[in-house]
Amino acid sequence: MSVSEYFDTMDYGPAPESDAEARAWLKTHAKGFGHYINGSFTKPAKLFDSVEPATGALLGKVSQGDKADVDAAVKAAAKAQPAWAALGGAARARKLYALARLIQRNARLIAVVEALDNGKPIRETRDIDIPLAARHFYHHAGWAQLQETTFPDHDPVGVVGQVIPWNFPFLMLSWKLAPALALGNAVVLKPAENTSLTALLFAELAQAAGLPDGVLNIVTGDGKTGALIVEHDGIDKVAFTGSTAVGKQIRKATAGSGKSLTLELGGKSPFIVFDDADLDAAVEGVVDAIWFNQGQVCCAGSRILVQEGVAEDFHTRLRARMAKLRMGNPMDKCIDLGSLVSPDQHARVSGMVDAAVKAGATLFQPDIDMPEGGSFYPPTLLTDVQPTAEVACDEVFGPVVVSMTFRTFDEAVQLANHSRYGLSASIWSETISQAMDVAAAVEAGIVWVNTTNVMDAAVGFGGVKESGYGREGGREGCYGYLKPRAWRKLSMRKPVSAPKPSGGLKLEAVDRTPKLFIGGKQARPDGNYSIPVLSPKGDKLGEVGDGNRKDIRNAVEAARGAKSWGQKTAHNRAQILYYLGENLSGRADEFASRIREMTGASAAKARAEVDTAIDRFFTYGAWADKWEGAVHLPPMQGVALAIPEALGVVGVICPDDAPLLGFVSMVAPLIATGNRVVAVPSAAHPLSATDFYQVMETSDVPAGVLNIVTGDAMSLADTLAKHNDVDAVWAFGAPELSTLVEEHSIGNLKRCFVDYGRQVDWHNNAVAEGEVYLRAATQTKSIWVPYGA
């Protein structure tokens, strides 16, 4: 073409990035890559192919990790971790700074290898992935430097097993390694089997940076290798990014093990466009939301919700923009979309689109040039899709977006939340009050206002519901790689044998059995059965209702109906907690007497338990309006708000020891932060909780905020853990209770806070109250708000 013809068409010419240096590096490993264990590479063994998605050509051969490899990596990490932690934060910071600089120095090589190995455009790896990876090491080097003063009462968790996905191989490696290493942990990392090459390149950089042997270990392989890491007894924490289905398997596999767990899973994120939005800006937002990395992004804005009045105009503009997108070789700096990662992923995407069209969806794919070969799939828009359709509910993980319309604000929120996922949301409106109202109402861990897919090392990233739990990035992400020092010293709980009845069955002339407390009033148990409550000598002190799954159902329904509790001001919640403490103090002698009857404690110990329970209400009353978020200042023209949100409905299984204090210590932080609670009190000593009904009834606690169901702890815990309208479960008691709760929480991936059978001294403020409980009672929502030019 002539110069004038180029001006007439305004077509882009090819702008290929040289891959010579990357292929030269690959050639040095022509015999295959071994694992990186204890500071050196093992001899390549059990090799499998790593291929170039854009062409199908062989890039290299990678070793399949087996049990012996994982054992060696965990052993090396366990040996190196104490010395790495003892090195001190300042010395560790120097190593992370060195790693960050080496990433920057080798950025072009890493970017090219990443584009070859993953199929994404070089423009994305060069301009987004690799700079953000370096940013993570710089940012977390700062946390290492500040660790002793910022986290003074916390220690590293120990040996961390990390399993990362194929969509952002190098960025996910940095995302996970940087905080783990900065805070004194040693790591065994498994990259995705399709995209292992940049992880192995990073191992060479770690050698050059002088990272001590054993602190970083990289074992390659498929899902079986990942399972070996997850299930290994020497692993203290698992951090996983991947599919929700695998995340549930990991939760089940680690149940009761005591392993800390961070899950960053799938999403089906809404992209909400109001009629006052800048439609051209919103169209560009869609390009970044769903065609960035070919839509292979967990937080991709794959569900467009556009207000009915502007829907036709918006779709017209979007189709016109789609016609300008360019697909091609990932090494071309002028393309918008590269290749999907594999033929299997291509088959999945095309299969879901074909099924949607067959079910009635309207398909639009622009008439653009498609490369030959490889796993390329065109940008796709599906309209006339029902909210319950598979393509609108499940992750496609490809360049496919569905679009639906809404009329009102409430309908937009309802459609946005109509998903089992809750990773992110993008809101487009020129009315900031409207945008922020939606940001507060959507069930998502990350919300972008008039922008999308913006991320930074200083801002927590993670989801809610079946998008997982835990946060990565920023101060909130650091806690995932630390453990409270006081909790490390807890001994195992000693089993308590139940007293035997001293006499036969006695029938009372008048039924004085305390009822359950559901929805602000007393209720008979569904089965009409009761359980005797015995003193240590076996004397019958009374009876309580024997709750069952229907009683739990009713209590959960009542808690769901009290959603407005989380919308009350923190000041209002604080006043009610103070009121509970005051009213309990007015009946302190009565509650102390009850504790003596049930437990045989001395008068002094019983009174001390009541006094501490009163103090705990006042403590969480004080915290209620002080457990606040933060304003992050990421490298953009804008801010990111970190807002602590209530979990929702939380099931609480209380321990037998300290029947009043244990109950109050678990319930108070939850209601202080806006949660609603279904509590199962001490099975052996439940009368303190049933006596507490009257305190609640005189303390202005709204109906449904705190519901109490007495009965067998294991049975009721099982029901709560399996109930899909329960958002989290706290359970303190026997080790088997922790195992049961974690294992059965996988239905909707509840957050679990358990003690693994360890004995908590409820009178010791270091382990029985404070920020550990408040963090467990909330989850951080990150709201990104750009401003200015």
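Please refer to the structure higher up on the page.
Residues numbered from 1 in each chain as written. Predicted model: local features only at pLDDT ≥ 70, side-chain atom pairs only at ≥ 80, totals over all residues. Heavy atoms only, no water.

Caption draft 1: Layout of the overall build of the chain. Across its full length, the chain carries 28 helices and 31 strands. In terms of overall size, the chain behaves like a compact globule, its C-alpha atoms giving a radius of gyration of 28 Å where 789 residues would be expected to give roughly 28 Å. Each principal axis of the C-alpha distribution contributes one length, and for the chain these read about 105 × 65 × 45 Å. In the chain, which comprises 789 residues, the proportion classed as buried is 58%. Of the contacts made within the chain by residues no fewer than 6 positions apart, 76% connect residues no fewer than 24 positions apart. Carbon and sulfur atoms provide 51% of the accessible area of the chain, an area that totals close to 30500 Å². (Helix = DSSP H or I, 4+ residues; strand = E, 2+ residues; numbered from the N terminus. Rg over C-alpha atoms; globule rule 2.2 N^0.38 Å. Buried < 20%, exposed > 50% of the residue type's maximum accessible area, 1.4 Å probe, protein only. Contact = heavy atoms within 4.5 Å. Areas by Shrake-Rupley, 256 points an atom, 1.4 Å probe, with all protein chains shown as cover.)

Caption draft 2: Examining the packing of aromatic side chains more closely. Summed over the entire model, instances satisfying the criterion amount to 26 aromatic pairs. When the centroid spacing of 5.7 Å and the interplanar angle of 70° are considered together, the rings of phenylalanine 663 and phenylalanine 692 count as edge-to-face. Of this pair, phenylalanine 663 sits in helix H23 (residues 659–672) while phenylalanine 692 sits in helix H24 (residues 687–697), and the two are 29 residues apart along the sequence. Of the two residues, phenylalanine 663 and phenylalanine 692, both sit in the buried class. Consider the rings of tryptophan 730 and phenylalanine 753, whose centres lie 4.9 Å apart with planes at 80°: the pair is edge-to-face. Of the two residues, tryptophan 730 is situated in strand E29 (residues 728–731) and phenylalanine 753 in strand E30 (residues 751–754); the sequence distance between them amounts to 23 residues. Owing to a relative accessible area of 1%, tryptophan 730 belongs among the buried residues under this scheme. With a relative accessible area of 12%, phenylalanine 753 lands in the buried category. Three or more aromatic residues joined by ring pairs form one cluster here, namely Trp487, Trp730, Phe732, Phe753, Trp762 and Tyr773. (Phe/Tyr/Trp six-rings, centres within 6.5 Å; stacked < 30°, edge-to-face > 60°.)

Caption draft 3: Just the nonpolar core, in detail. With 110 residues, the main nonpolar core has Ile103, Phe137, Leu177, Phe202, Trp291, Phe314 and Leu318 as its most contacted residues. It is helix H7 (residues 169–182) that provides the largest number of residues to this core, a total of ten residues. Once residues within four sequence positions are removed from consideration, leucine 318 is found in contact with Val283, Val286, Trp291, Ile304 and Leu381. In this structure, Ile576, Ile614, Ala672 and Ala776 belong to the second largest nonpolar core, which totals 61 residues. (Core = buried A, V, L, I, M, F, W, Y, C linked by side-chain atoms within 4.5 Å.)

Caption draft 4: Up close: helix H16 (residues 432–441). Taken together, the buried positions of H16 are Ala435, Val438 and Ala439. Buried residues in H16, looked at end-on, bunch into an arc of 105°, giving them a common side. The secondary structure elements touched by the buried residues of H16 are strand E11 (270–273), helix H15 (409–416), strand E16 (424–428), strand E17 (446–449) and strand E31 (778–786). (Arc of directions from axis to C-beta.)

Caption draft 5: A look at the packing of helix H4 (residues 89–105) against H7. Running from amino to carboxyl end, H4 crosses H7 at an angle of 165°, the nearest separation of the two axes being 10 Å. Between H4 and H7, the angle is such that the two are roughly antiparallel. For the pair H4 and H7, the crossing hand works out as left-handed. Between H4 and H7, the residues in contact are Arg92, Leu96 and Ile103 and Phe170, Ser174, Ala178, Leu181 and Ala182, respectively. (Axes fitted to C-alpha atoms, helices over the stretch in contact; angles between N-to-C directions. Parallel < 35°, antiparallel > 145°, perpendicular 65-115°, else oblique. Left-handed = near helix turned anticlockwise from the far one by under 90°.)

Caption draft 6: Quick peek at the sheet that holds strand E25 (residues 638–646). Judged by pairing direction, the sheet is mixed, and its ten strands sit side by side in the order E13-E14-E15-E12-E11-E16-E17-E31-E25-E24 without closing on themselves. The open sheet terminates on both sides in strands that have one partner only, identified here as strand E13 (362–364) and strand E24 (630–632). Direction aside, the axes of adjacent strands within the sheet are offset by 20° on average. By the bridge criterion, three bridges tie E17 to E31 in an arrangement that is parallel. Residue pairing in the sheet places isoleucine 446 in a bridge with serine 782 of E31. The strands touched by H16 within the sheet are E11, E16, E17, E25 and E31, with E31 carrying the most contacts at an inclination of about 155°. (Pairing = 2+ DSSP bridges.)

Caption draft 7: Structural context of the pairing of E16. In terms of burial, E16 is largely enclosed, as five of its five residues are buried. Going residue by residue along E16, you find Ser424, Ser426 and Trp428 tucked away on one face and Ala425 and Ile427 tucked away on the opposite face as well. In the sheet, E11 pairs with E16 via three bridges, with the strands oriented parallel. Its bridge partner lying in E16, valine 273 is registered against tryptophan 428. Pairing of E16 with E17 involves four bridges; the strand directions are parallel. Of the residues in E17, the one forming a bridge with serine 426 is tryptophan 448. Note that the unit made of E16, H16 and E17 has a crossover that is right-handed. (Right-handed = clockwise from strand over helix to strand, strands pointing away.)

Caption draft 8: Quick look at H24. Among the eleven residues that make up H24, nine are buried, leaving the element largely enclosed by the rest of the structure. Taken together, the buried positions of H24 are occupied by Leu687, Ser688, Ala689, Thr690, Asp691, Phe692, Tyr693, Val695 and Met696.

Caption draft 9: Expanded view of the environment of threonine 451. Among the secondary structure elements, threonine 451 is positioned in the loop between E17 and strand E18 (468–469). A residue is classified by how much of its surface remains accessible, and threonine 451, at 17% relative accessible area, is buried. Spatially, the C-alpha atom of threonine 451 lies 8.7 Å from that of alanine 281, the residues being 170 residues apart in sequence.

Caption draft 10: Summary view of unusual backbone geometry. One non-glycine residue, lysine 46, lies in the positive phi region at around 50°. Structurally, the position occupied by lysine 46 is in the loop between strand E2 (40–41) and strand E3 (47–51).

Caption draft 11: Local environment of the side chain of threonine 125. With respect to the helices, strands and loops of the structure, threonine 125 is situated in helix H6 (residues 122–150). Within the local environment of threonine 125, its side chain forms a polar contact with the backbone oxygen of isoleucine 122, the two atoms lying 3.1 Å apart. Look past the residues within four positions of threonine 125 in its chain and what remains in contact with it is Ala111, Glu114, Ala115, Lys120, Ile130 and Pro131. (Polar contact = N/O pair within 3.5 Å; in protein donor to acceptor, adjacent residues only side chain to side chain.)

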